[in-house]
Amino acid sequence: MVPESEPRSAGSLPDPTLDVSIVVPYYNPGNRLRTTVEDMVRVLDASGMTFEIIAVSDGSTDGSPFTLEGFPESVVRRVSFAENVGKGHALRAGLAMGRGHYLGFIDADGDISPELLAPFVSIMQSEHPDIIIGSKRHPESSVHYPPLRRFYSWGYQHLIALLFRLHIKDTQVGIKLVDRRVIADVLPLLRESRFALDLELLVLADRLGYTHIVEAPVGIRERFGSTISPKAVWLLLVDTITLFIRYSVRHDYDAALAGQAGSGDAAPPAPG
């Protein structure tokens, strides 16, 4: 049985005792998981910062959770869910456990190099933004994707601009680093369990006034045989439209947003 840490409720975060917490959500990544986590430990250890990696299995059935055996629990905390619920669910559980002053996440599949964590932390320390996001559309990014995947990304970002009026060029790259204050305010409001949690986090953070967002360059090389299936594209689209309906049509978040803003600036009215 893989050792597990106990996920906390989304209503509170543990005391911040570390510099950085990085969540790695995964579902059947095979042996790539061990390589990714080893690289993360090496990069973060070289940074001189105190850190933890929270690896969350979203119902993996390929034995990948066992590949993390041997890491000290103080360095790599492991959580395993019995059923595959979705990446968003795994991220919410992992972030709720984070003890870092900065909390972030990175995909486990190896497309995004853990080497990017070091410059992300450096930007957070020097510029103190609310959120840092990786962006394929940054002029210094190096991205190797097939044309169809580029088309999906281009179309999706135009849809996001239309629906949510976010001044962000790319919301879905699987590496982000967030100031603890933002996570503390936004995490209790998050509902997404699948692919649109990145977007939900950014939309709600913007609504609460966390608008200092840095888009950083990334290097992404798609692995041989790695594809975005039509089903995954469709599910992301469904989740995005559902989020738009909850946020701008039904105004489901308004009461909670007003409560969160009650201790500070008032939240602006929802669009739509």
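Higher on the page you've got the structure.
Predicted model only: the values in this text are computed from it and were never measured.

Caption draft 1: Structural context of the overall build of the protein. For the protein, the helix and strand inventory stands at eight helices and nine strands. Looking at the protein as a whole, 52% of its 272 residues are labelled buried. Residue pairs in contact within the protein that sit at least 24 positions apart in sequence constitute 81% of those at least 6 positions apart. In the structure as shown, the protein presents an accessible area of about 12,300 Å², 55% of it carried by carbon and sulfur atoms.

Caption draft 2: Expanded view of unusual backbone geometry. In this model, His128 sits at a positive phi of 50°, which is unusual for a non-glycine residue. Within the element layout of this structure, His128 appears in the loop between helix H3 (117-127) and strand E5 (131-135). A relative accessible area of 54% places His128 in the exposed class. Backbone geometry at His251 places phi at a positive 55°, although glycine is not the residue there. Mapped onto the secondary structure, His251 falls in the loop between helix H7 (230-249) and helix H8 (254-261). You can call His251 partly exposed: its relative accessible area is 28%.

Caption draft 3: View of the packing of aromatic side chains. Per the stated rule, a full pass over the model turns up three aromatic pairs. One aromatic cluster is present, formed by Phe164, Phe244, Tyr247 and Tyr253 through successive ring pairs. Lying across the ring of Tyr253, Arg191 places its NZ or CZ 4.9 Å from the centre.

Caption draft 4: Spotlight on the pairing of strand E3 (residues 76-81). A large share of E3 lies buried, amounting to five of its six residues. Relative to E3, strand E2 (residues 51-58) is paired through six bridges, and the arrangement is parallel. Along E3, the bridge assignment pairs Ile54 with Arg77.

Caption draft 5: Up close: the pattern of salt bridges. In total, this model carries 16 salt bridges according to the counting rule given. Two residues, Lys176 and Asp198, come together in a salt bridge whose shortest N-O distance is 2.8 Å. Highlighted residues: Lys176 in strand E7 (residues 175-179) and Asp198 in helix H6 (residues 197-207), separated in sequence by 22 residues. Accessibility expressed as a relative area gives 1% for Asp198, which makes it buried. One salt bridge connects Asp254 with Arg207, and the closest N-O pair in it is separated by 3.5 Å. Within this pair, whereas Asp254 is found in helix H8, its partner Arg207 is found in helix H6, the two being separated by 47 residues in sequence. Judged by its relative accessible area of 6%, Arg207 falls in the buried class. Connected via shared salt-bridge partners are Asp39, Arg42 and Glu115.

What counts as what
Residues numbered from 1 in each chain as written. Predicted model: local features only at pLDDT ≥ 70, side-chain atom pairs only at ≥ 80, totals over all residues. Heavy atoms only, no water. Helix = DSSP H or I, 4+ residues; strand = E, 2+ residues; numbered from the N terminus. Buried < 20%, exposed > 50% of the residue type's maximum accessible area, 1.4 Å probe, protein only. Contact = heavy atoms within 4.5 Å. Areas by Shrake-Rupley, 256 points an atom, 1.4 Å probe, with all protein chains shown as cover. Phe/Tyr/Trp six-rings, centres within 6.5 Å; stacked < 30°, edge-to-face > 60°. Lys NZ or Arg CZ within 6 Å of the ring centre and 35° of its normal. Pairing = 2+ DSSP bridges. Salt bridge = Lys/Arg side-chain N within 4 Å of Asp/Glu carboxyl O.

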